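# A look at the structure
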Amino acid sequence: MTEPGTEASAPEAPPPSESMPARRSRWVAALVVVGLLTAAALAGWGWRQEQQADDLAALRAERQTVRTTASDAAELLLGLDAATGAATLEKLRAMATGGFADQVDTLSSTVAGVLKQGDVASQGTVASAAVEKLDASRATVLIAATSLVSNSELPQGELRTFRLAVGLVRAGEVWKVDDVEFLG
């Protein structure tokens, strides 16, 4: 109510709203911030994807390295013969460590004469190799292989089948064979 003698004043007008350019610049600033945050998130996601791809490529390369090392050792072991026995054992010894190196040393001193005496010829071939376990310092590779063996008693040769578990350990930047188990 109004007091007598005073006129009712008109309701106050709302304060003038912000000007159109001020509102527009606020929206533009908000969109720029959202755009920058989105770009940063996408860049981070892309970087992580690249890291995962690099990690996967490194793991695949490592698996291939242990598979190749184990396969090479199996072919050397199953390919011992009279003509190349000493050289083959030397190659095998270079790939060996630990208990397996000791076994190769023992073979070196005894097997050369036996191979020559029996006129043994052998060719080992890996049919398949699969990495069973792999971590930073140890690996196990399962191998299916054959060996065509001929000797003075079997001049025509005989194909033999082997299953092996080859244990490897990391020695610096390379993998060395530390165990070979014939599975049957």
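Look up: the structure comes first, before these words.
All of these numbers come straight from a predicted model, not from anything done at the bench.

## Points about a nonpolar patch on the surface
- Residues Val28, Val32 and Leu36 make up a contiguous nonpolar surface patch of roughly 270 Å² in combined accessible area.
- Of note, Val28 is situated in helix H1 (residues 20-78).

## What about the packing of aromatic side chains?
- One pass over the structure, following the stated rule, counts one aromatic pair.
- Consider the rings of Phe162 and Phe182, whose centres lie 5.8 Å apart with planes at 70°: the pair is edge-to-face. Remark: Phe182 occurs in strand S4 (residues 174-182) and Phe162 occurs in strand S3 (residues 158-171); sequence separation between them is 20 residues.
- For Phe182, a relative accessible area of 43% corresponds to the partly exposed category.

## A closer look at the sheet that holds S3
- Read across the sheet, four strands follow the order S1-S2-S3-S4 without closing on themselves; strand pairing throughout is antiparallel. Looking at strand neighbours, the two that pair on one side only are strand S1 (121-134) and S4, the edges of this open sheet. Between one strand axis and the next, the sheet turns through 30° on average, direction left out of account.
- Of the strand pairs in this sheet, S1 and strand S2 (residues 138-150) are connected by 12 bridges, and their pairing is antiparallel. When the bridges of S2 are listed, Val126 appears paired with Ala145.

What counts and what doesn't
- Residues numbered from 1 in each chain as written.
- Predicted model: local features only at pLDDT ≥ 70, side-chain atom pairs only at ≥ 80, totals over all residues.
- Heavy atoms only, no water.
- Patch = residues over 30% accessible without salt bridge, like charges linked within 9 Å, V, L, I, M, F, W, Y side chains within 5 Å.
- Areas by Shrake-Rupley, 256 points an atom, 1.4 Å probe, with all protein chains shown as cover.
- Salt bridge = Lys/Arg side-chain N within 4 Å of Asp/Glu carboxyl O.
- Helix = DSSP H or I, 4+ residues; strand = E, 2+ residues; numbered from the N terminus.
- Phe/Tyr/Trp six-rings, centres within 6.5 Å; stacked < 30°, edge-to-face > 60°.
- Buried < 20%, exposed > 50% of the residue type's maximum accessible area, 1.4 Å probe, protein only.
- Pairing = 2+ DSSP bridges.
- Axes fitted to C-alpha atoms, helices over the stretch in contact; angles between N-to-C directions.

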